[in-house]
4 protein chains.
Amino acid sequence: MGGSSFGRILRLATFGESHGRALGLILDGVPAGLDLGGEDIQKELDRRRPGQSPLSSPRQETDRVELCSGIFEGKTTGAPLGMIVYNQDARSGDYENIKDKFRPGHADYGWFKKFGLRDYRGGGRSSGRETLARVAAGAVAKKLLGRRGVVITAYTQRAAGISCGAFDPGEIEKNPLRAPDAQAAALMADRIEALMARGDSAGGIVECRVRGLPPGLGEPVFDKLDAQLAKAVLSIGGVKGIEFGEGFAAADLTGSQNNDPMDEKGFLSNHAGGVLGGISTGGELFFRAAVKPTASIALPQTTRDSQGRKVSLAIAGRHDPCLCPRVAVVVEAMTALVLEDFFLLQAARGGFPQN
Amino acid sequence: MGGSSFGRILRLATFGESHGRALGLILDGVPAGLDLGGEDIQKELDRRRPGQSPLSSPRQETDRVELCSGIFEGKTTGAPLGMIVYNQDARSGDYENIKDKFRPGHADYGWFKKFGLRDYRGGGRSSGRETLARVAAGAVAKKLLGRRGVVITAYTQRAAGISCGAFDPGEIEKNPLRAPDAQAAALMADRIEALMARGDSAGGIVECRVRGLPPGLGEPVFDKLDAQLAKAVLSIGGVKGIEFGEGFAAADLTGSQNNDPMDEKGFLSNHAGGVLGGISTGGELFFRAAVKPTASIALPQTTRDSQGRKVSLAIAGRHDPCLCPRVAVVVEAMTALVLEDFFLLQAARGGFPQN
Amino acid sequence: MGGSSFGRILRLATFGESHGRALGLILDGVPAGLDLGGEDIQKELDRRRPGQSPLSSPRQETDRVELCSGIFEGKTTGAPLGMIVYNQDARSGDYENIKDKFRPGHADYGWFKKFGLRDYRGGGRSSGRETLARVAAGAVAKKLLGRRGVVITAYTQRAAGISCGAFDPGEIEKNPLRAPDAQAAALMADRIEALMARGDSAGGIVECRVRGLPPGLGEPVFDKLDAQLAKAVLSIGGVKGIEFGEGFAAADLTGSQNNDPMDEKGFLSNHAGGVLGGISTGGELFFRAAVKPTASIALPQTTRDSQGRKVSLAIAGRHDPCLCPRVAVVVEAMTALVLEDFFLLQAARGGFPQN
Amino acid sequence: MGGSSFGRILRLATFGESHGRALGLILDGVPAGLDLGGEDIQKELDRRRPGQSPLSSPRQETDRVELCSGIFEGKTTGAPLGMIVYNQDARSGDYENIKDKFRPGHADYGWFKKFGLRDYRGGGRSSGRETLARVAAGAVAKKLLGRRGVVITAYTQRAAGISCGAFDPGEIEKNPLRAPDAQAAALMADRIEALMARGDSAGGIVECRVRGLPPGLGEPVFDKLDAQLAKAVLSIGGVKGIEFGEGFAAADLTGSQNNDPMDEKGFLSNHAGGVLGGISTGGELFFRAAVKPTASIALPQTTRDSQGRKVSLAIAGRHDPCLCPRVAVVVEAMTALVLEDFFLLQAARGGFPQN
């Protein structure tokens, strides 16, 4: 109940700090008989790994995952998967100067007030480094969803004030922004580099599309499909908002504009973003997440120390100047965990009815 | 696990359909010794009740709550509160013509695909009428929060394309829009009535402000304060998005613009909306919810029947032309449940440290 | 989290006190499409009802259940079942003399120390009357299990020092002891009446047998089949122990005596009681529960009042002189809830493999 | 939801197989500020470690625990504790001959029917080796309880037909039986060695006593103190029964014999074993667990292979001839986890009232 577990049937628990000995996870509820190896996990961790471009933190981590349990002769056994990743390049010395200061835009102050102490080395447990465990678990969920024909794609739609005009899924993994429009990606990179040079950072928008969902996924009332996804996505550090389909734009539409009519072949539009009344419609699931600009910046900022004195702070450290490309990977992982969990819940209901 | 329960320490389970015999709830985990009577609950239910203005459904329901357990000599005993509200004005006949048709913008199609059958009378369990149980439970949470000095205010900030310019909290309960700006409320009402006259409906934005929260509320990683609130608010029918503080606008800011500096006296701005890294900052908690236009409209729409044929549908029934004023009441209730639950979790952690 | 909910997929929440307005429950996670009516519930409640023989409490309660939701046209819809039973014959006056005294053998003292106040009328929430909600929910679970060919039979094996020699299942519902041996039942009744006449009460042993379980039911490690059943059965007031198969007798056996060998046709013995390593073997599930003598007795006892003074107490009220016959009904209900829940969990795992 | 997690506020998840790469756990919900180091955990693991006497498995495991997270400068931070223990002496070759045979008295057959495949090396996840993770987590719970003055002592009361006559707590850790009576321990050892020499094994009874509990611990209805303990203890492999206080003996008592009277100073007897109505009384908590004889024996047994053929099986491997001494350590750990969890739940209720 300390906040580090997620899911109902497919149940994830995670541990680990930015500068501790190791990070890891337990994923329980994985059905027996899935072909799975460490490389399935590693592949996704490598997508999330820092140090891969001038636009991500230069911290050097190989992030090698050890898959410790739940596998026998190359298949899952139905027992929990335990995984561990040891930290390598944890330069705690970098954090001596913030030891006693609350970094603006970070969890520092609130955590200190909550716990009475804090692990100041890179944010400790509140660091984005914890998302490594989410991505590892998400890799398993993605593989399970793959068997169902469900494909999740998250990408940077907007960053530093530049939006993508085109949507070319094949482009996403080719540029460091993880943007589906090469030209926009280049512009974003320029702007972000300019901001970095000034000691500043950029925000943006991550979009997620899911194809292959049947109608009928989700649960009534409190555990709606969009409600669970909202929790999952807002639990990612730096995300400040989420919207489905038309989202905030629906506020200015009328019912006749926003409703999605149907005919014999299905829905004629998808203003809803693939979810109505908390249950999937069978259309493409579509949502957008607002990502704030990276809080750790080199520009001097006014803040407070733990004695309550006003102080100035310039953050050295090694930070991504824009979180979007890595948030996109984590959004995919969390979405996969949520969706597979709903499929398993539906199985507990007897599966989808034939009608 | 069927989706109808919510919360961890303060645990709510609800039941009931729009046109069934009764709706009700069990709220467990309420501390012993709280002064509580049926009137505390009734007061909030009356705020949510239909039939109160031309802008809400004319369905006549007294929504009298019976508080059946958990109270002895005017105080809570620590045992679960059971509450029941019998339906009075359930004209199921109104729904004969939609019996076999999927209403656009509603959960009908997804529910049919999920369960293989559906209670077509007013949407059954997927009706907004289920929020009655949320409001009843929220009344208890609000009373518990009142003892802590926490005050929650939700209101219609925008509807039918009109935004409030002023923020006068005293105005909110005086107009049927529940808007904090009398003038804007009058304009909204005019537009909505015009839309109604054309058989159409309006969307809008509900905002919520919470004063009196200490820093340190929320849990790490998955159970962040904003993540839980996002789930709570997105679980309300008709809500399609949520954002905290700057929200989607933060996507276009830089770190130096968006970070909230501090000095000896506290935070100098509140772009974060009172939550950083999933933990409250001690500033005002602020979020906005996107509310779609009411799906049930009188204008004829194209849809499908359960045999898969294309059909036309004009919905009679009795519906709110704009959901915002009632969503605001439900947002308050859900916010109260989430916040009190976090306070109780913090108590399990030993309370807030003295530092 | 206040203790009044049970189950994972099939999730029960209950409310209500012995002398409050009503008792009730919400059962969520029931699959759609089950034929169900109030009479299915009522039938089981009638088996549990007081006032049916000289050996049960003379309190007159009709215990009429209202099934308020989750049913449409005679079938479950997949939405939660809400049920309520109003109290009729609640003579709170009977409890004036114990208002301030802690009844020996009851929860009174512990509850007062836990909650700081107590509803003294018949024990309030700690009364055995709460089991009414368990039996109502269990009726649904039994019906679901019936479709799977699973049959649960619980009965009084021993009471007031008399054991059953014969096992005639057809006899169980014919005598007030719910014993499968008519002769033993008559002897038990005599002894219990003699104890009653002296103002005293009797304990006993309830046994439970389940036929029709497949091998493979249960979950590893913490959620073993026998562990969940142990929790379920020990949660019934008055139960002080449980044992599976040989149980405590196994302590004195050797491995070669206690192991159940197999051949082509299956197990050759069932010392295990149908569960090994927490998973069902496919043999008859068998366990025994120790039931203490009713705590409320007319004989004067030494106790304490809430001012800490030593006082004498003779309990009038209306109480069962031996709890076994009613505990048996509740054991069946709890066992049904546990087993159906495990079946649904197995469905979430993809059902039983074909091998 | 795969069975490998336990607890509500203090939440444990575990992973690992007998012959896999490693075992481990995540313990979340631990309050910040507890002095804790690896040696606190190691101390308890060493008590459980095999290879320490002729009466325990000769498998050589150092069972060195790595504490990977949740600690900063020697204190818990409020973040989850991650721990890992690598397997060293995993001779999977020992299991080639059982690869295809279901061992009598083991989970083999049920697991195969549940999962469709099985890790036959030492029972995989169903091996008693998983209790290592319980003991590591229990070490933390014990330390938390130590701050509250609560002391848990579990020991072998009976083994191979010999009961302890004396109760000398100081003796428990001095003999390999973990029995509180040196003389009885010597007799037990003789008998067990004789059984071993014949290729057989012994059962026994483990008792547990808890001093220092306040009255008022536990939760109403389903989450009773004894119900949770029953689940916890029955989840330990080899345990077939549990009883509190008089337990099964209470079945033959009358109310006047079994009730515990009170006077000004407190309870005058403790037939209840320290728990009434699921809530602690403040007296010594006392329960007994029935431990079956070790299932793995060298004597040839009749069983079945996965093709359904009758076969003979003699189990080589390395096994404890009597489980009691190690079960006692695990009982302490599980009891500690249950009790500390209830204390934290009570804190969420506002702590114990002053009355």
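Below or above, wherever it landed, is the structure these notes cover. (Residues numbered from 1 in each chain as written. Chains lettered and ligands numbered in written order. Predicted model: local features only at pLDDT ≥ 70, side-chain atom pairs only at ≥ 80, totals over all residues.)

1. Side note on the sheet that holds strand β2 (residues 11-15) of chain A
Residue and element names in this part refer to chain A. Let me state the cut-off plainly: Being paired, for any two strands, means DSSP has found at least two bridges between them. Under the DSSP-based scheme used, a helix requires at least four consecutive residues in state H or I and a strand at least two consecutive residues in state E, with every element numbered from the N terminus. Whether two residues are in contact depends on their C-beta atoms, placed from the backbone: they are in contact if these lie within 7 Å. Only the contacting stretch of a helix is used when fitting its axis, a line to C-alpha atoms as for every element, and angles between N-to-C directions run 0 to 180 degrees.
Strand order in this open sheet of 5 strands is β1-β2-β3-β7-β4, and the pairing throughout is antiparallel. Each edge of the sheet is formed by a strand with only one pairing partner; in this case those strands are β1 (5-6) and β4 (65-67). The pairing of β2 with strand β3 (residues 22-28) spans 5 bridges and is antiparallel. Counterpart to Leu 12 in the pairing with β3 is Leu 27. Sheet strands in contact with helix α1 (residues 38-48) are β4 and β7 (81-86), and its direction is about 155° off that of β4.

2. Observations concerning the relation of the copies chain A and chain B
As a reminder of what qualifies: To superpose the copies, least squares is applied to the C-alpha atoms of every residue with a pLDDT of at least 70 in both.
When chain A is fitted to chain B, the residual RMSD is 0.0 Å, and the transformation amounts to a turn of 180° plus an axial shift of 0.0 Å. Look at the turn and shift together and you get a two-fold axis relating the two. Looking at the rotation axis and the C-alpha trace of chain A, the residue lying nearest is Lys231(A), at 2.4 Å.

3. Things to note about the interface of chain D and chain A
On the chain A side, the residues contacting the 39 residues of chain D number 39 residues. Listed by contribution, the elements that provide at least two residues to the side of chain D that touches chain A are β2 (11-15), β3 (22-28) and β7 (81-86) of chain D. For the side of chain D that touches chain A, the element with the highest residue contribution is β3(D), accounting for 4 residues.

4. With respect to the environment of Gly212(D)
Residue and element names in this part refer to chain D. Worth spelling out the cut-off: To sort residues by burial, count the other C-beta atoms lying within 10 Å of each one's C-beta; a count of 20 or more means buried, 12 or fewer means exposed, and anything in between means partly exposed. C-beta atoms are built from the backbone.
Structurally, Gly 212 is set in the loop between β10 (204-211) and α5 (225-234). Overall, Gly 212 belongs to the partly exposed group, with 15 C-beta atoms counted inside 10 Å. For Gly 212 and Gln 354, which are 142 residues apart along the polypeptide, the C-alpha to C-alpha distance reads 18 Å. Excluding residues that lie within four positions of it along the chain, Gly 212 makes contacts with Arg 148, Gly 149, Val 150 and Val 151.

5. A word on the relation of the copies chain D and chain A
The two copies are related by a screw operation: chain D maps onto chain A through 180° of rotation and 0.0 Å of translation along the axis, at an RMSD of 0.0 Å. Comparing contact sets, 100% of the residues at the interface of chain D also lie at the interface in chain A, consistent with an isologous, same-surface contact.

6. Overview of helix α3 (residues 131-147) of chain D
Residue and element names in this part refer to chain D. Heads up, the condition is: Expected helix span is given by 1.5 Å per residue-to-residue step, counting one fewer step than there are residues.
For α3, built from 17 residues, the straight-helix expectation of 24 Å at 1.5 Å per residue is met to within 8% by its first-to-last C-alpha distance of 24 Å. Most of α3 is tucked away: 14 of the 17 residues are buried. A positive phi of about 80° marks Gly 149, the residue just after α3.

7. Quick notes on the environment of Lys240(B)
Tracing the backbone shows Lys240(B) in strand β11 (residues 239-244). In the structure, Lys240(B) is positioned 100 residues away from Val140(B) in sequence and 27 Å away in space, judged by C-alpha atoms. Apart from residues no more than four positions distant in its own chain, Lys240(B) is found in contact with Glu243(A), Phe244(A), Gly245(A), Glu246(A), Gly247(A), Ala250(A), Ala290(B) and Lys292(B).

8. Topic: the interface of chain A and chain B
To keep things clear, this is the line we draw: For this classification, Asp, Glu, Lys and Arg are treated as charged, while Ala, Val, Leu, Ile, Met, Phe, Trp, Tyr, Cys and Pro are nonpolar and the rest, including Gly, are polar.
Contact residues are listed per partner, giving 96 residues for chain A and 97 residues for chain B. Grouping the amino acids of the side of chain A that touches chain B by side-chain chemistry returns 37 nonpolar, 36 polar and 23 charged.

9. Some details on the sheet that holds strand β8 (residues 151-159) of chain A
The strand order across the open sheet built from 10 strands is β9(A)-β8(A)-β10(A)-β16(A)-β11(A)-β11(B)-β16(B)-β10(B)-β8(B)-β9(B), with neighbouring strands paired in antiparallel fashion. For this open sheet the edge positions go to β9 (162-163) of chain A together with β9 (162-163) of chain B, each flanked by a neighbour on one side alone. Pairing of strand β10 (residues 204-211) of chain A with strand β16 (residues 285-291) of chain A involves 7 bridges; the strand directions are antiparallel. For Glu207(A), the partnering residue across the bridge sits in β16(A) and is Arg288(A).

10. Let's talk about the environment of Leu187(B)
Residue and element names in this part refer to chain B. Considering the arrangement of structural elements, one finds Leu 187 in helix α4 (residues 182-197). Look at Leu 187 and you get partly exposed, because 18 C-beta atoms sit within 10 Å. Sequence separation between Leu 187 and Gly 149 is 38 residues; the distance between their C-alpha atoms is 34 Å.

11. What about the pairing of strand β3 (residues 22-28) of chain C?
All names here are of chain C. Of all 7 residues in β3, 6 are buried, a share of seventy percent or more. Two elements, β3 and strand β7 (residues 81-86), share 6 bridges in a ladder whose sense is antiparallel. Bridge pairing in β7 places Ile 26 opposite Gly 82.

12. Observations regarding the packing of helix α5 (residues 225-234) of chain A against helix α7 (residues 324-348) of chain A
Residue and element names in this part refer to chain A. Using the following cut-off: Take the far helix as the reference: if the near one is turned anticlockwise from it by less than a right angle, the crossing is left-handed, and if turned clockwise, right-handed.
Where α5 meets α7, the axes come as close as 9 Å, and the angle between the chain directions of the two elements is 145°. The handedness of the crossing between α5 and α7 comes out as right-handed. Contact residues: Leu 225, Gln 228, Leu 229, Ala 232 and Val 233 in α5; Val 331, Met 334, Thr 335, Leu 337, Val 338 and Phe 342 in α7. The residue makeup of the contact of α5 with α7, split by class, is 9 nonpolar, 2 polar and no charged.

13. Describing the pairing of β16(A)
Residue and element names in this part refer to chain A. Taking burial as the measure, the 7 residues of β16 include 7 buried ones, the bulk of the element. Both faces of β16 are covered, namely the face carrying Leu 285, Phe 287, Ala 289 and Val 291 and the face carrying Phe 286, Arg 288 and Ala 290. Of the pairings in the sheet, the one linking strand β11 (residues 239-244) to β16 comprises 5 bridges and is antiparallel in character. Bridge pairing in β16 places Glu 243 opposite Arg 288.

That's the geometry; what it means functionally is another story.
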